[in-house]
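# Analysis of the macromolecular model
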Amino acid sequence: MDDVIVVGARIAGAATAIHLANKGYRVRLVDKAEFPSDVLSTHFIWPRGVSYLNRLGVLDKVLSLTPSASTVSYTLDGRQIIGSVPIPITSQRLEQVHGDGRGAVENYLCIRRKYLDQILIDQAVTSGAIFQSGTQVEGPILEEGVIKGVTIRNAEGVRSTLEAKCVVIADGRFSSMAKKLGITEQDVRPDSTFAYWGYFSGLPLNQVILEKRGRLAIGLAPTNDNQTMVLVWGPKANFSDF
């Protein structure tokens, strides 16, 4: 029996597995996907988020694959500001939230999810977690209203069970586990923004560029494989016209 089963091995699940494994728990991390793989997600990370990667012990690996910047150029209706988030500010915020300001950095970066998710999974395994990919979690095992584990199906369609003292659900906003457990959504807010992005070569950047004109905005950030992510976003109501 495991101490903890974490359902979902992308950012939330893998980071949870790292923390728990580092504390000495027997952790099993499972996901229906095969890795490395991309997911429908932009991936620009502000300094506070990059600081968390540093605290997880993966920032050196991330920076070995991904360009980073320490400044952002932000233009609002023709007025430009160029600046950065100083390390003491980020450290102070970490101290406020966690009582621990360690690991603060000033980097902005834009790492593709196919790289970031794999790096976090590898770190979880290094920390002692057991990882199973291609594993579909079909539902919880319940005993008198308490979750005792999960039923799974592997890539060959073979069903089995996994038992644990605790199950962490981290399989995303469309979580099948949450639905099967009857967990209701809270603080639901309607979709308000559309985003459209792609990857382009031949746009060398040494900073992140954000520009807003009216209700539409564009962002450019250097990413992996010598490419630049170009992102356009705006109100959902404008998407059809866009």
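In case you missed it, the structure is sitting above this.
We now examine the overall build of the chain. Per the secondary structure count, the chain includes six helices and 15 strands. In terms of principal-axis extent, the alpha carbons of the chain reach across some 60 × 45 × 35 Å. Counting over 242 residues, the chain shows a buried share of 40%. Looking at the chain alone, contacts between residues at least 24 apart form 65% of all its contacts between residues at least 6 apart. Across the chain, the 26 positively charged side chains and the 24 negatively charged ones have centroids separated by 3 Å.

Next up on the list: the pattern of salt bridges. Overall, the coordinates contain 12 salt bridges when judged by the stated rule. Here Asp-2 makes a salt bridge to Arg-26, at a shortest N to O gap of 2.8 Å. One end of the pair, Asp-2, is in strand E1 (residues 2–7); the other, Arg-26, is in the loop between helix H1 (11–22) and strand E2 (27–30), and 24 residues separate them in sequence. Residue Asp-2 is classed as buried on the basis of its relative accessible area, which comes to 2%.

Moving on, we get to H1. With 12 residues, H1 extends 17 Å between its outermost C-alpha atoms, agreeing within 8% with the 16 Å of an ideal straight helix rising 1.5 Å per residue. Those residues of H1 lying buried are Gly-13, Ala-14, Ala-15, Ala-17, Ile-18, Leu-20 and Ala-21. For H1, the secondary structure elements touched by its buried residues are E1, E2, helix H2 (47–56) and helix H5 (113–126). Downstream of H1 by a residue or two, Gly-24 has a phi angle that is positive, lying close to 95 degrees.

For Ser-73, the position within the fold is in strand E5 (residues 72–76). Overall, Ser-73 belongs to the buried group, its relative accessible area being 3%. In terms of polar contacts, Ser-73 uses its side chain to reach the side chain of Gln-80, at 2.8 Å. Not counting residues within four places of it along the chain, the set of residues in contact with Ser-73 comprises Gln-80, Ile-81, Ile-82, Gln-207, Val-208, Ile-209 and Leu-210.

Now for the packing of aromatic side chains. Applying the stated rule across the entire model yields seven aromatic pairs. Residues Phe-35 and Phe-131 carry aromatic rings whose centres are separated by 5.9 Å and whose planes lie at 65 degrees to one another, so their mutual orientation is edge-to-face. Residue Phe-35 is found in the loop between E2 and strand E3 (44–45), and its partner Phe-131 is found in strand E8 (residues 130–132); the two are separated by 96 residues along the sequence. Following the ring pairs from residue to residue traces out a cluster consisting of Phe-194, Tyr-196, Phe-239 and Phe-242.

The subject of this paragraph is the pairing of E5. Pairing between E5 and strand E6 (residues 79–83): five bridges, direction antiparallel. Counted as the bridge partner of Val-72 is Gly-83 from E6. Counted between consecutive antiparallel strands, the loop separating E5 from E6 contains two residues, among which Asp-77 sits at a positive phi close to 50 degrees.

Structurally, the position occupied by Leu-65 is in helix H3 (residues 59–65). As for Leu-65 and Lys-212, which are separated by 147 residues in sequence, their C-alpha atoms are 29 Å apart.

Read from one edge of the open sheet, three strands run E3-E7-E4, paired in antiparallel fashion. Two strands lie at the open edges of the sheet, namely E3 and strand E4 (68–69), each paired on one side alone. Bridge analysis of E4 against strand E7 (residues 108–110) gives two bridges, and the strand direction is antiparallel. Within E7, the residue paired with Ser-68 across the bridge is Leu-109.

Turning our attention to H2. Taken together, the buried positions of H2 are Pro-47, Val-50, Ser-51, Leu-53, Arg-55 and Leu-56. Against H1, E3, H3, helix H4 (87–98), E7 and H5 lie the buried residues of H2. Positive phi shows up at Gly-57, right after H2, with a value of about 85 degrees.

Turning next to the sheet that holds E2. The strand order across the open sheet formed by six strands is E8-E2-E1-E11-E10-E9, and the pairing between neighbours is mixed. The sheet is open, and its two edges are formed by E8 and strand E9 (136–143), each paired on a single side. Mean inter-strand twist for the sheet, computed between neighbouring axes without regard to direction, equals 40 degrees.

How each quantity is defined
- Residues numbered from 1 in each chain as written.
- Predicted model: local features only at pLDDT ≥ 70, side-chain atom pairs only at ≥ 80, totals over all residues.
- Heavy atoms only, no water.
- Helix = DSSP H or I, 4+ residues; strand = E, 2+ residues; numbered from the N terminus.
- Buried < 20%, exposed > 50% of the residue type's maximum accessible area, 1.4 Å probe, protein only.
- Contact = heavy atoms within 4.5 Å.
- Lys, Arg positive; Asp, Glu negative; His and termini not counted.
- Charge placed at Lys NZ, Arg CZ, Asp CG, Glu CD.
- Salt bridge = Lys/Arg side-chain N within 4 Å of Asp/Glu carboxyl O.
- Expected span 1.5 Å × (residues − 1).
- Polar contact = N/O pair within 3.5 Å; in protein donor to acceptor, adjacent residues only side chain to side chain.
- Phe/Tyr/Trp six-rings, centres within 6.5 Å; stacked < 30°, edge-to-face > 60°.
- Pairing = 2+ DSSP bridges.
- Axes fitted to C-alpha atoms, helices over the stretch in contact; angles between N-to-C directions.

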